[in-house]
Structure formats: structure tokens, C-alpha cells
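What follows is the residue order along each chain.
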Amino acid sequence: MIFNIPYTYFNFWFDYALTVYLTVNGCLCLAYIIFWLVCRNGGGKLKALSLSVVPSCIFLFSGIVSANIPLVVFSVMFAVFHIFLSCKNSDFL
């Protein structure tokens, strides 16, 4: 987030949260890269789901761990629409 709206951002809410935040987001980014490498030439359901679910998980996890209410709200909206559109474009739905 570029700026924080007062009373909507509460920072990390447990000890070692920054370590967990960086580790989980790093693993999710690595998973995204692996899925992209595996699916780059082909299309289909696996590509549509993996390349839309993983970024959604990154944003949602970041919002929950950092206790950022606007990020959680917008990441849920992003997840719903991104997954729906990706599946629709790949003829999954």
C-alpha cells in the first residue's frame, strides 16, 4: 500500500511475523514462477487456475499478516474477479 489510512492498518500482529511474511510470500512467488515455467507454452485449466490463485493468495496472506483491512478487502475482490476471468478466458467455466 502506498499510504495507510488511519485506523485501518495495525502492523504485524505476532512475533516473527515479518519472517513468516517474507518466507511464505517468497515461497508463493517461487510457486508462481514454477507454474509459469511449466505452463508457458500450453493453456488450459491448470494455467488459468494456478496463475490466478497464487497471486490472490499472496495478496490475501499479505493483508492478513500485516493486519491491513483495505488490503484484505481489495485482495478478496481481486481474487474473485481474477480467478473468474481467468477461468472464463480459458473456457473452464
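Refer to the structure above for everything that follows.
This one's a predicted model, so the numbers in the text were calculated from it and none came from an experiment. Along each chain, residue indices are assigned from 1 in the same order as the chain's sequence is written. Local features are withheld for residues below a pLDDT of 70 in this predicted model, meaning they are given only at 70 or higher, and side-chain atom pairs are given and counted only at 80 or more; totals for whole chains, interfaces and linings count all residues. Computation of side-chain values covers all heavy atoms of the structure but excludes hydrogens and water.

> Residue-level account of the packing of helix α1 (residues 17-39) against helix α2 (residues 45-65), with values.
To obtain each axis, a line is fitted to C-alpha atoms, and for helices this fit is confined to the stretch in contact; angles are then taken between N-to-C directions over 0 to 180 degrees. For helices the rule is a DSSP run of H or I covering at least 4 residues; for strands it is a run of E covering at least 2, with both sets numbered from the N terminus onward. Where α1 contacts α2, the axes come no closer than 10 Å and their chain directions differ by 170°. Considered as vectors, α1 and α2 are oriented roughly antiparallel to each other. Here A17, V20, Y21, V24, N25, L28, C29, Y32, F35, W36 and C39 of α1 come into contact with α2, specifically with L46, K47, S50, L51, V54, P55, C57, I58, F61, S62 and V65. Just so you know the grouping, Ala, Val, Leu, Ile, Met, Phe, Trp, Tyr, Cys and Pro go in nonpolar, Asp, Glu, Lys and Arg go in charged, and all remaining residues, Gly too, go in polar. Grouping the amino acids of the contact of α1 with α2 by side-chain chemistry returns 18 nonpolar, three polar and one charged. For classification purposes, angles smaller than 35 degrees are called roughly parallel, those larger than 145 roughly antiparallel, those between 65 and 115 roughly perpendicular, and all remaining angles oblique. The contact criterion used is simple: two residues touch if any of their non-hydrogen atoms lie within 4.5 Å.

> Account for helix α3 (residues 69-89), with residues named and values stated.
Here α3 contains 21 residues, and its C-alpha end-to-end distance of 30 Å stays within 8% of the 30 Å for a straight helix at 1.5 Å per residue. Think of it in three bands: residues with accessible area under 20% of the maximum for their type are buried, residues over 50% are exposed, and the middle band is partly exposed, with areas taken using a 1.4 Å probe on protein chains only. P70, L71, S75, A79, S86 and C87 are the residues of α3 that are buried. Packing partners of the buried residues in α3 comprise α2. D91 lies just past α3 and shows a positive phi near 60°. Helix span, expected: 1.5 Å multiplied by one less than the number of residues in the helix.

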